[in-house]
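Structural features, examined
Here's the letter readout for the chains.
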Amino acid sequence: MLHDKIFTREYLSSTIEKAINGFEADELAYLSVQCKNELQIRDKIAWLIHKDIGNKYVIRREFAPDNTSKQRIDLAVFELNESKTEIKEVVALIEFKAHSIARPEKWYVDEFVHDIEKMKQIVEKDKKTYKNTDLYFVLLETIQGHKPNDGKYKHTLGFNIYVNEKTKFYSNYDSDDDLSDNLIKEDFVEFTKQEIIGHYKKNDHVLKLAKKFSIPKLSIIPIGEAFGYKEYVAPLILGPIKSSDITIETNE
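Read on for an overview of the structure. These numbers were taken from a predicted model, which means no experiment stands behind them. (Residues numbered from 1 in each chain as written. Predicted model: local features only at pLDDT ≥ 70, side-chain atom pairs only at ≥ 80, totals over all residues. Heavy atoms only, no water.)

So, about unusual backbone geometry. The omega angle of the peptide bond from Gly239 to Pro240 is 5 degrees, so this bond is cis rather than trans. Tracing the backbone through its elements, the reader meets Pro240 in strand β10 (residues 229–241). Here Phe227, not a glycine, exhibits a phi torsion of approximately 55 degrees, which is positive. Structurally, Phe227 can be placed in the loop between β9 (221–226) and β10. Relative accessible area serves as the criterion here: at 29%, Phe227 is assigned to the partly exposed category. (Helix = DSSP H or I, 4+ residues; strand = E, 2+ residues; numbered from the N terminus. Buried < 20%, exposed > 50% of the residue type's maximum accessible area, 1.4 Å probe, protein only.)

Written as structure tokens, this is what we have:
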């Protein structure tokens with residue numbers, strides 16, 4: 001689980017899977033067909049980690065480094081000093097995003113670069129507290145079981161207006177491995193590059209990594225059924241990344 005105060009990828013991955021499987025039957029499917037499931041899953045993850053290691057670490061949702069900053073992180077894991085008045089060491093910073101139908105899009109690449117830059121800026125301001133901090137970006141990819149038909153529940157299925165010829169449905173693939181391979185090679189291919197361009201604040205920001213991400217096979221997790229549609233979530237975990245392995249240049 002934890003070794004030398006390092007929050008491991010394996011621990012995060014298993015906790016995400018437990019969280020996704022920890023809702024009541026069909027609950028997460030019901031939530032996911034209507035709107036993004038980022039906050040529901042993140043909060044469940046935070047609670048599970050708190051129950052597991054909260055006796056030693058603080059698991060903080062909506063973490064603001066100086067307690068006042070508008071620059072917030074979705075989830076932080078840190079250790080307090082003996083008096084519990086100051087942060088002794090930050091173990092991990094984690095940003096979450098949710099994607100509601102599986103198809104290649106640019107916005108989540110932009111958000112990834114933006115979030116990584118935000119976390120790097122936080123680390124660089126206090127290298128003592130953040131000297132061993134691991135940075136993570138988690139994309140929660142929701143996959144619908146089959147293509148919408150006959151206009152049924154069109155007022156209920158929140159994201160079907162965005163379905164196009166590149167949308168991936170679970171029923172279109174022979175196996176979970178086949179679906180995982182296609183997601184990695186098509187939808188997530190930008191994340192496998194050593195230089196990743198994100199556009200925000202009216203400029204291109206070029207994220208250069210010391211080494212490329214290796215994306216392992218994705219878990220395709222069934223989350224139940226709602227309104228006649230089976231739903232699945234495939235979590236993409238990018239990290240751990242060290243601030244020292246990141247360079248960000250702005251094209252102005």
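In this section: the pairing of strand β7 (residues 195–200). Burial of β7 is one-sided: the residues Ile196, Gly198 and Tyr200 facing one way are buried, the residues Glu195, Ile197 and His199 facing the other way are not. Counting the residues that bridge the hairpin from β7 to strand β8 (residues 203–209) gives two residues, and of these Lys201 lies at a positive phi of roughly 50 degrees. (Pairing = 2+ DSSP bridges.)

Our focus in this paragraph is the nonpolar core. If you look at the biggest cluster of nonpolar residues, it comprises 40 residues, and the most contacted ones within it are Leu93, Phe112, Leu183, Phe188 and Phe191. Elements with a minimum of two residues in this core: β4 (73–80), β5 (87–99), α4 (107–125), β6 (134–144), α5 (176–187), β7, β8 and β10. No other element matches α4, which puts eight residues into this core. (Core = buried A, V, L, I, M, F, W, Y, C linked by side-chain atoms within 4.5 Å.)

On to the pattern of salt bridges. A side chain with one charge can pair with a side chain of the opposite charge if their charged atoms come near. By the definition in use, this model includes 19 salt bridges. Taking the shortest distance from any N to any O, the salt bridge between Glu95 and Lys118 comes out at 3.2 Å. Of this pair, Glu95 sits in strand β5 while Lys118 sits in helix α4, and the two are 23 residues apart along the sequence. Per residue, the accessibility class of Glu95 equals that of Lys118, and both read buried. For Glu105, the salt bridge identified is with Arg103, shortest N-O distance 3.2 Å. Taking the relative accessible area as the measure of exposure, Arg103 reaches 13% and is therefore buried. Linked by salt bridges that have partners in common, Arg42, Asp43, Arg61, Glu62 and Asp74 make up one network. (Salt bridge = Lys/Arg side-chain N within 4 Å of Asp/Glu carboxyl O.)

A word on the environment of Ala76. Along the chain, the position of Ala76 falls in strand β4. Residues Ala76 and Leu39, spaced 37 residues apart in sequence, show a C-alpha to C-alpha distance of 14 Å. Other than its neighbours up to four places away in sequence, Ala76 contacts Val58, Ile59, Arg60, Phe63, Ala92 and Leu93. (Contact = heavy atoms within 4.5 Å.)

Another point: the sheet that holds β7. Across the sheet, which stays open at both edges, the three strands sit in the order β7-β8-β11 with antiparallel pairing between neighbours. Both outer strands of the open sheet, β7 and β11 (246–251), are each paired with one neighbouring strand and no more. Each strand of the sheet is rotated relative to its neighbour by a mean of 25 degrees, with strand direction disregarded. Relative to β8, β7 runs antiparallel, the two sharing six bridges. Its bridge partner lying in β8, Tyr200 is registered against Asn203. The sheet contacts of α4 involve β7, β8 and β11, and relative to β7 the element is tilted by about 95 degrees. (Axes fitted to C-alpha atoms, helices over the stretch in contact; angles between N-to-C directions.)

The next subject is the packing of aromatic side chains. For the structure on display, the rule yields 13 aromatic pairs. Measuring from ring centre to ring centre gives 6.3 Å for Tyr30 and Phe227, while their planes differ by 35 degrees; the resulting arrangement is tilted. On the criterion of sequence distance, the pair formed by Tyr30 in helix α2 (residues 27–34) and Phe227 in the loop between β9 and β10 is long-range, its members being 197 residues apart. Since its relative accessible area comes to 43%, Tyr30 is described here as partly exposed. When the ring of Phe112 is compared with that of Phe191, the centres are 5.2 Å apart and the planes differ by 85 degrees; the resulting orientation is edge-to-face. Placement of Phe112 in helix α4 and of Phe191 in the loop between α5 and β7 is noted, with a sequence separation of 79 residues between them. Accessibility assignment for this pair places Phe112 and Phe191 in one class, buried. Members of the aromatic cluster, connected to one another through ring pairs, are Trp107, Tyr108, Phe112, Phe137, Phe188, Phe191 and Phe213. A cation over a ring is seen here: Lys36 above Trp107, with NZ or CZ 4.4 Å from the ring centre. (Phe/Tyr/Trp six-rings, centres within 6.5 Å; stacked < 30°, edge-to-face > 60°. Lys NZ or Arg CZ within 6 Å of the ring centre and 35° of its normal.)

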